[in-house]
Amino acid sequence: MNATVTAVVLSLFSAVAYAAAAVAQERLAARSAGSGTLRLLAGGAWWWSVVLNASAALLHVAALKYGTLTLVQPLGALTLVAAVPLGARMAGRRVSSVEWRGTALTLIGLAALLLTASGPAPDDVLSVPEALAVAGTTAVLIGGLSRPGTRPGLRHATASGFASGVASALTQTVTVAATDRSDSLLSAQVIVVALLVAAFAAGGLLLSQTAYQGGLGAPLAVVTLANPVAAVVIGLSLLGERLQGGAAGMLLALAGAGVAAWGVVTLSRSAPEPAAPTHDAVDDDHPVAAVLALKSGPAAYEPALVPKQPDPGHLTTL
């Protein structure tokens, strides 16, 4: 199995784990809306969603060892694809035709990106000054997007996507540098960048939890799109990564990105018909099942991947 195939397979498993974590976070956020972040931290269910995120992150780190940022990060869109059947299952309904169309568009766009982004395993890393510059710039952007007084929504989702994308770029630096036999495992570069990874990863998780208080669909779509944008910019500008095929490859990559983005937006806007409530027994002894089975509110059904409808005249996005 070559490096590209290994990176793709690991990314697939990572996307499934992230999808399960996202659904769990949204259900917890809806269930505890207005109770504050500290209340969530005190609940065991939220920590199980953190375990899901951590498992997905480990798979993602492994994928970054074998694949470039321009290959691995766009595959994060598969998180939304995986969340479609999972969300439908939790809502007790079938996947709608609109969701199938959005899934098909996303997969077609990602296939085009794979043709141009595939390449050898990464071997370049960010220097400490470059990592600090990236971290500082991103921190300023995140601070502006999540400034005090803004309502949870797409701004927090965008900030979360940027934080996660930068964390992935920095993670690749740590992974490549730590496995380079020519330098010490505890070099200054590895330690400094690892601390930055921890900060941005934790920040991205908390920002996404805040964003999901308004529903899963639109915020998850924005996170899904903002994450690879931040990582790919770093990969192309600082890590010397290139797309295959020259000008034709660039056009194919742009077309694929557009189609994939169209698919992601279609998935986030899909509005399934209400499903009859189900009373299937849940295995309370299984922590992940217990998280996913939480009731989000008094409604008889819970649409998956669709933002909650605002009151007339009330804006919720920006």
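Quantities reported herein were computed from a predicted structural model and do not represent experimental measurements. (Residues numbered from 1 in each chain as written. Predicted model: local features only at pLDDT ≥ 70, side-chain atom pairs only at ≥ 80, totals over all residues. Heavy atoms only, no water.)

A. Here's a closer look at the overall build of the chain. Counting secondary structure elements, the chain contains 12 helices and zero strands. Secondary structure elements of the chain, listed N to C terminal, follow the sequence α-α-α-α-α-α-α-α-α-α-α-α. When burial is assessed residue by residue, the chain has 46% of its 318 residues classed as buried. Here the analysis covers contacts within the chain between residues at least 6 apart in sequence; of these, 86% occur between residues at least 24 apart. (Helix = DSSP H or I, 4+ residues; strand = E, 2+ residues; numbered from the N terminus. Buried < 20%, exposed > 50% of the residue type's maximum accessible area, 1.4 Å probe, protein only. Contact = heavy atoms within 4.5 Å.)

B. Representation of the environment of Asn53 in the model. Relative to the assigned elements, Asn53 resides in helix α3 (residues 44–66). Considered as a pair, Asn53 and Ala22 are 31 residues apart in the sequence and their alpha carbons are 8.3 Å apart. Beyond its immediate chain neighbours, meaning those up to four positions away, Asn53 contacts Tyr18, Ala21, Gln25 and Leu205.

C. Up close: the nonpolar core. Counting 30 residues, the largest nonpolar core has Leu69, Ile142, Val166, Leu170, Val193, Phe200 and Ile234 as the members making the most contacts within it. Contributing elements (two or more residues each) for this core: α1 (3–31), α3, α4 (69–72), α7 (128–145), α8 (154–178), α9 (188–211) and α10 (217–238). Considering each element in turn, this core owes the most residues, eight residues, to α8. Sequence-distant contacts of Val166, that is, excluding residues within four places in its chain, are made with Val134, Thr138, Phe200, Ala230 and Ile234. Counting residues in each nonpolar core, the second largest holds 20 residues, with Ala19, Leu80, Ala221 and Val264 among its members. (Core = buried A, V, L, I, M, F, W, Y, C linked by side-chain atoms within 4.5 Å.)

D. Structural context of a nonpolar patch on the surface. A cluster of nonpolar side chains, namely Val5, Val9 and Phe13, defines an oily patch on the protein surface of about 250 Å² accessible area. Within the secondary structure, Phe13 sits in helix α1. (Patch = residues over 30% accessible without salt bridge, like charges linked within 9 Å, V, L, I, M, F, W, Y side chains within 5 Å. Areas by Shrake-Rupley, 256 points an atom, 1.4 Å probe, with all protein chains shown as cover. Salt bridge = Lys/Arg side-chain N within 4 Å of Asp/Glu carboxyl O.)

E. A look at the environment of Thr138. With respect to the helices and strands, Thr138 occurs in helix α7. According to the relative accessible area criterion, Thr138 is buried, its value standing at 7%. Each C-alpha atom of the pair Thr138 and Phe200 lies 9.3 Å from the other, and the pair is 62 residues apart in sequence. Beyond its immediate sequence surroundings of up to four residues, Thr138 is in contact with Phe162, Val166 and Phe200. For Thr138, the side chain forms a polar contact with the main-chain oxygen of Val134, separated by 2.8 Å. (Polar contact = N/O pair within 3.5 Å; in protein donor to acceptor, adjacent residues only side chain to side chain.)

F. Representation of helix α6 (residues 97–117). With 21 residues, α6 ought to run about 30 Å at 1.5 Å a step, and its terminal C-alpha atoms sit 30 Å apart, in line with that. Residues Glu99, Gly102, Thr103, Leu105, Thr106, Gly109, Leu110, Ala112, Leu113, Thr116 and Ala117 constitute the buried set of α6. (Expected span 1.5 Å × (residues − 1).)

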